[in-house]
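Working through the structure, step by step
Below are the chains, spelled out letter by letter.
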Amino acid sequence: MEVFGISYIEWIGYLASFFLLLSFLMRNITTLRYINSLGCLLFVIYGLLLDSWPITITNGAIILINIYYLFINRKNSGS
């Protein structure tokens, strides 16, 4: 399936790139991590659809790091 001559898999990649770039415009680190996680999740889906393990593993690891800093580290630091 294509939209404007671009496959849906490529659209997922473009959307993932958009959210990843958007995350770096955030001033608040918490917002940055949430938006970045969304971009990385889309890249994990993109990597799985392409059967590309480097994309999938790297972005999956980044999601885990973001989860750590958003939830686990915050809980342990008491803030």
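I will try to describe carefully the structure that is included in this document.

Each value, and the rule that gives it
Within each chain, residues carry numbers counting from 1 in the order of the written sequence. Totals for whole chains, interfaces and linings use every residue, but because this is a predicted model, local features are given only for residues with pLDDT of at least 70 and side-chain atom pairs only at 80 or more, for both listing and counting. Based on all heavy atoms of the structure, the side-chain values leave hydrogens and waters out of the count. Every helix listed is a DSSP run of H or I at least four residues long, and every strand listed is a run of E at least two residues long, numbered separately from the N terminus. The contact rule is simple, with two residues in contact once any of their heavy atoms fall within 4.5 Å. In short, Shrake-Rupley with a 1.4 Å probe defines the accessible areas, and a residue's cover is counted only from the protein chains shown. A simple rule labels every residue: compare its accessible area, found with a 1.4 Å probe on the protein chains alone, to the largest value its type can have, and call it buried under 20%, exposed over 50%, or partly exposed in between. Only residues above 30% relative accessible area that lack a salt bridge enter a patch, with like-charged residues linked at up to 9 Å and the nonpolar side chains Val, Leu, Ile, Met, Phe, Trp and Tyr linked at up to 5 Å. The rule for a salt bridge is simple: a side-chain nitrogen of Lys or Arg has to be within 4 Å of a carboxyl oxygen of Asp or Glu. For the purpose of charge, His is not counted, nor are the chain termini; Lys and Arg are scored as positive and Asp and Glu as negative. Helix span, as expected, comes to 1.5 Å for every residue beyond the first. The arc in question is traced by the directions running from the helix axis to the C-beta atoms.

1. So, the overall build of the protein chain
- Counting its regular elements, the protein chain contains three helices and two strands.
- Overall, the protein chain shows an N-to-C arrangement of helices and strands of β-β-α-α-α.
- Overall, the protein chain is about 50 × 25 × 15 Å in size when its C-alpha atoms are taken along their principal axes.
- Long-range pairs, those at least 24 residues apart, make up 44% of the contacts in the protein chain with a sequence separation of at least 6.
- Summed over all atoms, the accessible surface of the protein chain reaches about 5,600 Å², with 70% contributed by carbon and sulfur.

2. A word on unusual backbone geometry
- With phi around 55°, F4 is a residue other than glycine that occupies positive phi space.
- Looking at where F4 falls in the secondary structure, it is placed in the loop between β1 (2-3) and β2 (6-7).
- One non-glycine residue, D51, lies in positive phi territory at about 60°.
- Counting through the fold element by element, D51 comes out in the loop between α2 (29-50) and α3 (53-77).
- Given a relative accessible area of 58%, D51 falls into the exposed group.

3. Describing a nonpolar patch on the surface
- Judged by side-chain polarity, M1, V3, F4, Y8, W11, Y14, L38, L41, I45 and L49 come together as a nonpolar surface patch covering roughly 1,100 Å² of accessible area.
- Elements that contribute at least two residues to the nonpolar patch include exactly α1 (8-23) and α2.
- Take the nonpolar patch: its biggest share by element is four residues, from α2.
- Its place among the elements puts V3 in strand β1.

4. Considerations on the side chain of N36
- Along the chain, N36 falls in helix α2.
- Leaving out residues up to four positions away in the same chain, N36 has contacts with L20, S23, F24, I62 and N66.

5. So, the side chain of R33
- Along the chain, R33 falls in helix α2.
- In this structure R33 is buried but unpaired, with D51 as the nearest side chain of opposite charge at 27 Å.
- What R33 contacts, discounting residues up to four positions off in sequence, is I65, N66, Y69 and L70.

6. Considerations on α1
- Here α1 spans 23 Å end to end across 16 residues, near enough to the 22 Å set by a 1.5 Å rise per residue.
- Every buried residue of α1 is listed here: I9, I12, G13, A16, F19 and S23. For α1, the arc enclosing every buried residue in end-on projection is 130°, short of the 170-degree limit, so these residues lie on one face.
- The inward-facing, buried residues of α1 abut β2 and α2.

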